[in-house]
Number of protein chains: 2
Amino acid sequence: MTEPDAAALDAPHVRAFLPMIYVAWADGELTDQEMHTIQEQLEGMPWLDASARQTLQGLLDPANPPSARTLARVLRTVRKAAGNLDDDRRLHLARLGTALSKDDPHVEDALETVMAALSLDGAEAGRALMGGHPAPETAMPAPQFDAAKLRAVLEPRAVEVREKVRALLSDPAVRIGRDQSKEDAREAVLEVVQRLAEEGFGALAYPGVTSDVTSLEEFMTVFETLGYGDLSVLVKYGVQFGLFGGSIYFLGTEEQRAHWLPRVAKGDLLGCFAMTELGHGSNVMGLRTTATYDPESDRIVVHTPDESARKEWIGGAAAHARMATVFAQLEVDGEQHGVHAILVPIRDEDGEALPGVRLGDCGHKLGLNGVDNGRIWLDQVKVPRDHLLGRFAAITEDGRYESPIASPNKRFFTMLGTLVAGRICVGSGGVSAAKVGVAIATRYAFHRRQFGAPGEAEMRLIDYPVHRRRLMPSLAQSVAAAFAIDHVRQQYVGAETEEQKRAVEALAAGVKAFTTDHATFALQQCRECCGGQGYLSENRIGPLKSDTDVFTTFEGDNTVLLQLTAKAVLTDFRKQLGDDRVFGLVRYVGKKLARAAREANPVTKRLGSTEHLRDRDTLRGLFEYREKHLVEAAARRVQKRIKNGMEPHEAFTAIQDHLLAMARAHIERVVYDAFAAGIDRAEGAEKDALDRLLDLWSLWRIESDLGWFMENGVAEPNRAGGIRREVQALCDEVAQSALDYVEAFGIPEASLAAPIAFGEAAGV
Amino acid sequence: MTEPDAAALDAPHVRAFLPMIYVAWADGELTDQEMHTIQEQLEGMPWLDASARQTLQGLLDPANPPSARTLARVLRTVRKAAGNLDDDRRLHLARLGTALSKDDPHVEDALETVMAALSLDGAEAGRALMGGHPAPETAMPAPQFDAAKLRAVLEPRAVEVREKVRALLSDPAVRIGRDQSKEDAREAVLEVVQRLAEEGFGALAYPGVTSDVTSLEEFMTVFETLGYGDLSVLVKYGVQFGLFGGSIYFLGTEEQRAHWLPRVAKGDLLGCFAMTELGHGSNVMGLRTTATYDPESDRIVVHTPDESARKEWIGGAAAHARMATVFAQLEVDGEQHGVHAILVPIRDEDGEALPGVRLGDCGHKLGLNGVDNGRIWLDQVKVPRDHLLGRFAAITEDGRYESPIASPNKRFFTMLGTLVAGRICVGSGGVSAAKVGVAIATRYAFHRRQFGAPGEAEMRLIDYPVHRRRLMPSLAQSVAAAFAIDHVRQQYVGAETEEQKRAVEALAAGVKAFTTDHATFALQQCRECCGGQGYLSENRIGPLKSDTDVFTTFEGDNTVLLQLTAKAVLTDFRKQLGDDRVFGLVRYVGKKLARAAREANPVTKRLGSTEHLRDRDTLRGLFEYREKHLVEAAARRVQKRIKNGMEPHEAFTAIQDHLLAMARAHIERVVYDAFAAGIDRAEGAEKDALDRLLDLWSLWRIESDLGWFMENGVAEPNRAGGIRREVQALCDEVAQSALDYVEAFGIPEASLAAPIAFGEAAGV
Ligand SMILES: Cc1cc2nc3c(=O)[nH]c(=O)nc-3n(C[C@H](O)[C@H](O)[C@H](O)COP(=O)(O)OP(=O)(O)OC[C@H]3O[C@@H](n4cnc5c(N)ncnc54)[C@H](O)[C@@H]3O)c2cc1C
Ligand SMILES: Cc1cc2nc3c(=O)[nH]c(=O)nc-3n(C[C@H](O)[C@H](O)[C@H](O)COP(=O)(O)OP(=O)(O)OC[C@H]3O[C@@H](n4cnc5c(N)ncnc54)[C@H](O)[C@@H]3O)c2cc1C
């Protein structure tokens, strides 16, 4: 074929068919047969003039397809001729052709006939060909609730101190760059921590000693809010004031508190918390560092007996700490008294290691490189007798060991129990970090466009159902986790009796695992939802991910903590059954078990019709039913194994996976309750907004364990589709207001910090 | 009470009761009532001498409990007196007491009576008190298969080049430190890449031009094996030889190949691949950089029209690349021809940006900081006409556009299709990284001990069922993913027809998503399974995690790729139905659908009895059934929506989550088949070993989607427990040989590199 020139293409009868011809070739999927069909149709149109027919036949020859250049010219001709037709005509293949022919009635018929012969949809093909005007901007829905009011519900307490921290985070000076050596990062982080001390945020850690606050509420709230900022700062703040100072506050006597804490609070005495050893992380009882009272010198000799007993991972040990709270096996007068905490100076004023002390650097880590984690070896280091933190144990002047708690086991757990505040704090930090990630990814999803219908403006990411599915559950769970933290913090602050304290420990263990697992999950989703931009440190999600990754491990490994929770739940269950208790687990599960199991109420309203899926009784009932069922089953299994001659430890180990499932089910029920209780503080539109989140979170959790619910006859198999659809519907609803929800998190703009959160990298 | 002295405690009749008394107090859970019970029992024992009775009653007074010091002395007395009793007596409370009384028969009865009154288990309590000799080392099971033979099955091809890469990875010089600035890391990485070029690993990328290999098999195998080492090296190697050089190889003419590739292969010409823009990542068709042919100067003018069109993320652009393959919208003689690739020099020999070129640095990233990702802005940069890569399009001397593919759409997809090798490579790199993580975590799990039964040696992590559950599925899936990669690589190398090539593209998209999601999942498990040690960069898992995190995003975002796979699967399905195809999706789903759905065979053997759970027909049938079912349902849903007047794009968007589920189901079936086919290369013990892994992987995947299988009536709800138990049983079996499995990965020790992989930090 000789290529048709511009004039030939521009003849009205030719033009009329060009849209169809272009689409036919450009799509590249017309069979030869179909090309011939069009040619035949043209033959049967006597009104076509000869030159037009020749041009068109030439353009339709499968043996001799038009060149790329001709095709491009065809397109340009069409586009030019279409000029300012309105969309109705422009975007429909047959109507467009007719218009281009100057409304020749023959053409209209002819095009309809050809297209019918090819089963071609005029609208779709036309749109692909011509583009369209950009689709009207998806209008931003009017806010459905007041973000400020919602924030007040989310943050009912310690409001003033929160605002102070927010102001501080907004100061550019507290921002820590990511692209620097760990040494530089450590100095920068130290500076911020010193500033926190100066501004009185350290003193809050010691109510009644360095501050007149009455509980740790304020300190813990500061910690939570600092979680919006750099997490090395957060962790170093926690190590200095929470762990190191906290060890003195909780394990020390009045005199020891008064002596040390003012300097600790001001950051004049930098310390570290040296519990973990190379050989023993989770199993603190197995620590091997020794602390032997030497009556001759009236000193305690602290010693690292072998390599596996070296202190490992100790935040502050690599560079800044002058003093360490060392956990060691105490021996007095030849008797072993178990793990105790002893203050051991490790560096002099110039930062040099003291005699007998060897210090090492753990080195580069996945994250938190602004925290100087290090190793400590002690070679017969002698410290004064009164460096033994003396609230639960002391050595008298005449060299005798004394403790108000005779049982070493009980003493050990009482001492460890004082660390529970740290667990709550770490959980709260995880939640704050997740909120930052969710806020950034959500804002990006409203700016960023990618792909779209042919010829229309590209769609915003938030408009993709699957994107909402990836992001909205993490938004909902961030709120769920925040309510859970608030709940456990309140329980902690309010606990008075031993029993209450013990309950808080079990609760904190489970909530710490839940919230930090949430952080890992949510931040991974956020990273992926932001595509390449999520990978840039500047956009914060990467650093948040790396830094929080260890939250599932430190302050108690989650797998270990969930087992603690599980055991506490089983103990409670046993108590409910009225079993008396001797020797822990041995007489563990009574005969009353079978009866209790029979009495357990299955959830009454089944996961049936859709209208029940957003019903509090139904949702709460499902969480409760699962929990009860798993608790009873766990108790039965332990009992059976013990009856068959297994040792309790072995029995518990054998059903570990069941125990974990049970602990998780328990915690999800607790989270549900905390969330629901939190909602009760809200009203009107904000209450509705939170209800929607609770529904989403609950149904999403239930969906993810649907196998279990079906297996146990609670959900009918044919209801699964309905649940899945309802989760998507809730994601869609929540997405409408997602910007307002994240606004209610009250993250300072400086902490949001990521360019992508401000539309700067949306590249629209 | 006056505290009893050592002599009082050491009287035989006193000693007899000390174990029980110690346990009673130490456990701290005896009620006052129970203490009194013991006291009463003592009253009823006339043979006790008065002083012994007095001492004992003193020790049992709830109103006046023994001091901590006394209790410690009690313990020491017992331990000393127990001396070298054999375990049978030492570890049982009553037998121990009897022995300590010098076998007084009264004592034996008395102890039994008291213990019965308290429902106290003598064995458990005794063990808690006395410790025990360490439990005998869990004997290492004899290898159940030959790791070297297994390796040969896993690596059937390109053996020689694999070994060459392994040797290179074993050279300490190629190791890249983590704790350095990105600038230093980039130089170190460049050095290794140059060395790879020198040793001929670059030349393998261009069969028939710079190497006489006949396919990309060797190059791709090198890439996979380099995945055991530093991943910045891997990615930079991929960018230079795969993406940059590959663009010339696949999109260039014979002359262009001959002209440029020898220098590229040797690393003398460093280049980059500049496709992505700030505004367009996944949606390549929407790129906005322009390339306009200017007949006057006979040059192509390449230009960045606005900020969102700046090239973004371009590996090599920040520092090292001299030349860029720029993807831009080509315009010739006023016609638009769509996206084309053009070679644009960006730096001179001194590394300075050329006139009109502005270069920027993306900055610090979550990982891969040894790769210099950068930005490129082009201001009317002119390049010679023959810099247009000309295999699929050229500008003639007289300034006309020519292409062997007339349809711009088809041309676009043909060009993009040539990038498929990169996708396969990235997937293979993800699998290698995951293998390294799994190998390290597995080895650590065999060394590391934490917790244990009271008084026994601590348990190895691998002996905890839940630890096996966390780690073994990732081990199995690493092997599954490796077989899948091998499969798609073979398909790629063997593809000849257009149809085959298109099939490989869809397959590669899905397998890339599967394998890189696997890497993210497995490495997270590994990190957490190693506790704190997993967080140390030196132990490699952290860096592997950060570096691979972006594998789910680049070379095609997984969510986008799975949609490609989904559409390809639907197209195949339509073809099976014999539908002819015009204009893509419009005539998409025919009436034959309903019939096809009716004909689909449900899996015949149901997930019933346990014996079927390891049966190939059952497992394969389940994967196949789910795939078919989801494909048909997806087709029906699309059809319904289009019938109801939705545009196809809208219809596909509306059912995105279903499409993703379908694509995943499809790929899992493909992986199953690849795994099964791989096994057929093995025999004997190695075949058994792989069968076990396949069973584990399959059942674990089925378990994780059990809700679906129940919902669709394939799995009976009451079978769920059986499946879960079988997964655990398979984890347990695989764990027995886990060290041998990871040995078969053939990871060079230098790449394993992590101290924890060699027992150095196990701290036993
Ligand atoms: C960055 C960082 C900072 C730290 N800062 C401090 C600090 O300042 N002071 C301090 O004292 N410590 C600190 N630690 C130590 C931290 O508390 C420990 O890492 C933590 O307690 C876990 O111990 P581990 O690492 O020894 O893991 P392990 O206890 O060895 O656990 C390893 C793996 O085995 C599993 N596992 C263990 N036991 C069981 C079981 N019974 N059943 C099933 N699975 C089990 C765990 O789930 C885990 O996955 C820090 C750690 C890190 C990484
Ligand atoms: C470290 C690194 C190196 C790179 N190297 C290069 C290079 O050398 N050369 C080069 O050209 N490019 C490179 N890239 C770019 C990379 O290829 C892109 O990041 C990738 O294509 C994804 O595009 P995007 O980042 O714009 O994400 P987007 O396409 O904007 O996607 C963002 C999110 O939206 C979701 N999404 C998008 N579309 C849809 C849809 N239709 N439905 C549902 N969800 C959707 C995605 O799943 C994703 O979660 C690199 C990127 C990185 C991070």
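Residues numbered from 1 in each chain as written. Chains lettered and ligands numbered in written order. Predicted model: local features only at pLDDT ≥ 70, side-chain atom pairs only at ≥ 80, totals over all residues. Heavy atoms only, no water.

Observations concerning the overall build of chain A
Quick note on the threshold: Strands are runs of DSSP state E lasting at least two residues, helices are runs of H or I lasting at least four, and both sets are numbered from the N terminus onward. It is over C-alpha atoms that the radius of gyration is taken, and the globule rule equals 2.2 Å times the number of residues to the power 0.38. Burial here depends on accessible area, computed with a 1.4 Å probe over protein chains only, as a share of the maximum for the residue type. Under 20% is buried, over 50% is exposed, and the range in between is partly exposed. Note on definitions: a residue-residue contact is assigned when non-hydrogen atoms from the two residues lie within 4.5 Å. Surface exposure here means Shrake-Rupley accessible area, sampled with a 1.4 Å probe, where a residue is shielded only by the protein chains that are shown.
Across its full length, chain A holds 30 helices and eleven strands. Over its C-alpha atoms chain A spans a radius of gyration of 35 Å, topping by over 25% the 27 Å that the globule rule assigns to 764 residues. In terms of overall dimensions, chain A has C-alpha extents of about 125 × 65 × 50 Å along its principal axes. By residue count, 63% of the 764 residues in chain A fall in the buried class. Once local pairs closer than 6 in sequence are excluded, the contacts in chain A between residues at least 24 apart make up 73%. Per element, the accessible surface of chain A, about 27700 Å² overall, is 48% carbon and sulfur.

A closer look at the site of ligand 1
The test is simple: We call a residue near a given molecule or strand whenever any one of its heavy atoms falls within 4 Å of it. We define a polar contact as two N or O atoms separated by no more than 3.5 Å, with the added condition that, inside protein, one atom must be a possible hydrogen donor and the other a possible acceptor, whereas residues neighbouring each other in sequence contribute only through side-chain atom pairs. Only Asp, Glu, Lys and Arg are considered charged, only Ala, Val, Leu, Ile, Met, Phe, Trp, Tyr, Cys and Pro nonpolar, and every remaining residue, Gly among them, polar.
In the vicinity of ligand 1 lie 30 residues, with A:Thr276, A:Ser282, A:Asp557, B:Arg448 and B:Glu528 positioned nearest. More than one chain approaches ligand 1, the contributing ones being chains A and B. In this structure, A:Gln563 approaches ligand 1 through a side-chain N or O atom, which is 3.2 Å from a nitrogen atom. In the environment of ligand 1, an oxygen atom lies 2.8 Å from a nitrogen or oxygen atom belonging to the backbone of B:Gly532. For ligand 1, the accessible surface in isolation is 970 Å², of which the surrounding protein chains cover 95%. When residues of the shell around ligand 1 are traced back to their parent elements, those giving at least two are strand S4 (311-315) and helix H21 (558-576) of chain A together with helix H18 (465-494) and helix H19 (498-529) of chain B. Across the shell around ligand 1, the residue classes break down as 13 nonpolar, 13 polar and four charged.

Things to note about the interface of chain A and chain B
Note the following rule: Buried area: the sum, over both parts, of the accessible surface (1.4 Å probe) that disappears when the two are put together. We define a salt bridge as a contact between a side-chain nitrogen of Lys or Arg and a carboxyl oxygen of Asp or Glu at a distance within 4 Å.
Across the contact, 124 residues belong to chain A and 125 residues belong to chain B. Buried surface at the junction of chain A and chain B, summed over both partners, amounts to about 10300 Å²; 53% is from carbon and sulfur atoms. Between chain A and chain B we count 14 salt bridges in total. Of the charged contacts, one joins B:Arg69 and A:Asp333 as a salt bridge, the two residues approaching to 3.8 Å between their closest N and O atoms. Inspection of the region where chain A meets chain B yields 50 residue pairs in polar contact (both at pLDDT 80 or more). Here the residues of the side of chain A that touches chain B are counted per class, giving 45 nonpolar, 39 polar and 40 charged.

Re the sheet that holds strand S4 (residues 311-315) of chain B
All names here are of chain B. Stated precisely, the cut-off is as follows: Strands pair, by our definition, only if DSSP identifies at least two bridges between them. Fitted lines through C-alpha atoms serve as axes, helices being fitted only where they are in contact, and the angles separating the N-to-C directions of these axes extend from 0 to 180 degrees.
Read from one edge to the other, the open sheet built from three strands follows the order S4-S8-S7, with strand pairing classed as antiparallel. Pairing within the sheet leaves two strands with one partner each, and these edge strands are S4 and strand S7 (357-361). Pairs of neighbouring strands in the sheet enclose a mean axial angle of 35°, with direction left out of account. With five bridges joining them, S7 and strand S8 (residues 373-378) adopt antiparallel strand pairing.

Examining the pairing of strand S5 (residues 323-332) of chain B
All names here are of chain B. Most of S5 is tucked away: nine of the ten residues are buried. Judged from the four bridges that link them, strand S1 (residues 271-274) and S5 form a sheet pairing that is parallel. Looking at S5, one finds that Ala274 is bridged to Val326. Direction of pairing for strand S2 (residues 290-294) relative to S5: parallel, over a ladder of three bridges. Residue pairing for S5: Ala291 is matched across the bridge by Leu330.

Focus on the environment of B:Ala321
Residue and element names in this part refer to chain B. Turning to its location among the elements, Ala321 is positioned in the loop between S4 and S5. Relative accessible area serves as the criterion here: at 1%, Ala321 is assigned to the buried category. Ala321 sits 26 residues away from Arg347 along the chain, and the two C-alpha atoms are 7.0 Å apart. Ala321 has contacts with Leu270, Gly271, Cys272, Gly316, Ile346 and Arg347, leaving out every residue within four places of it along the chain.

Looking at the site of ligand 2
Around ligand 2, the surrounding shell holds 31 residues, and the nearest of these are A:Arg448, A:Glu528, B:Thr276, B:Ser282 and B:Asp557. Close to ligand 2, residues of chains A and B are found. Here a nitrogen atom of ligand 2 sits 3.0 Å away from a polar atom, N or O, in the main chain of B:Trp313. Protein burial of ligand 2: of its 970 Å² of free accessible surface, 94% is covered by the chains. Among the elements of the structure, helix H18 (465-494) and helix H19 (498-529) of chain A together with S4 and helix H21 (558-576) of chain B are those that each provide at least two residues to the shell around ligand 2. Split into classes, the residues belonging to the shell around ligand 2 amount to 13 nonpolar, 13 polar and five charged.

A few points about the nonpolar core
Rules: What is meant by a nonpolar core is a set of buried Ala, Val, Leu, Ile, Met, Phe, Trp, Tyr and Cys residues, joined one to another through side-chain atoms within 4.5 Å.
In terms of nonpolar packing, the biggest core is built from 415 residues, with A:Leu690 and B:Leu690 touching the most fellow members. Excluding its chain neighbours within four sequence positions, the residues that come into contact with B:Leu690 are B:Leu150, B:Val153, B:Leu154, B:Val479, B:Phe483, B:Phe675, B:Ile679 and B:Ala682.

Overview of unusual backbone geometry
The backbone of A:Lys102 shows a phi angle near 60°, a positive value even though the residue is not glycine. Counting through the fold element by element, A:Lys102 comes out in the loop between helix H7 (93-100) and helix H8 (105-118). Even without a glycine there, the phi angle at B:Leu368 is positive, about 55°. Mapping B:Leu368 onto the fold places it in the loop between S7 and S8. Residue B:Leu368 is classed as buried on the basis of its relative accessible area, which comes to 3%.

As for the relation of the copies chain A and chain B
Filter applied, for reference: Least-squares superposition aligns the copies on the C-alpha atoms of those residues with pLDDT at or above 70 in both.
Least-squares fitting of chain A to chain B yields an RMSD of 0.1 Å, with the superposition described by an axial translation of 0.0 Å and a rotation of 180°. When the rotation and shift are considered jointly, the pair of chain copies conforms to a two-fold rotation axis. For chain A, the residue whose C-alpha comes nearest the rotation axis is A:Gly707, separated from it by 2.0 Å. Same-surface contact between copies: 100% of interface residues of chain A are shared with the interface of chain B.

A few points about helix H16 (residues 408-417) of chain B
Within H16(B), the full set of buried residues consists of B:Arg411, B:Phe412, B:Met415 and B:Gly417. Summarising the contacts, the buried residues of H16(B) are in contact with helix H5 (68-82) of chain A together with helix H14 (231-251), strand S6 (335-345), strand S11 (401-402), helix H17 (420-447) and H19 of chain B.

Side note on a negative patch on the surface
Worth spelling out the cut-off: A patch consists of residues exposed above 30% relative accessible area that lack any salt bridge, with like charges linked at up to 9 Å and nonpolar side chains (Val, Leu, Ile, Met, Phe, Trp, Tyr) linked at up to 5 Å. Positive charges come from Lys and Arg alone, negative charges from Asp and Glu alone, with His and the N- and C-terminal ends not counted. Here the site of a charge means atom NZ of a Lys, CZ of an Arg, CG of an Asp or CD of a Glu.
A cluster of acidic side chains, namely A:Glu3, B:Glu397, B:Asp398 and B:Glu402, defines a negative patch on the protein surface. Positionally, A:Glu3 belongs in the segment before helix H1 (6-9). A relative accessible area of 32% means that A:Glu3 is categorised as partly exposed.

Observations concerning the pairing of strand S2 (residues 290-294) of chain A
Residue and element names in this part refer to chain A. Bridge analysis of S2 against strand S3 (residues 299-303) gives five bridges, and the strand direction is antiparallel. Among the inter-strand pairings, Asp294 is bridged to a residue of S3, identified as Arg299. In sequence, S2 turns back onto S3 through a hairpin of four residues, with Asp298 there showing a positive phi of about 55°.

Some words on the confidence of the model for chain A
Residues and elements named next belong to chain A. The test is simple: The score called pLDDT rates the predictor's confidence residue by residue, from a low of 0 to a high of 100.
Across chain A, the average pLDDT comes to 89, with 91% of residues at or above 70. The model gives residues 132-137 a pLDDT under 50, and that stretch makes ten contacts with residues more than four places away or in other chains. For the stretch residues 580-605, pLDDT sits under 50, and the model shows 67 contacts to residues farther than four places along the chain or on other chains.

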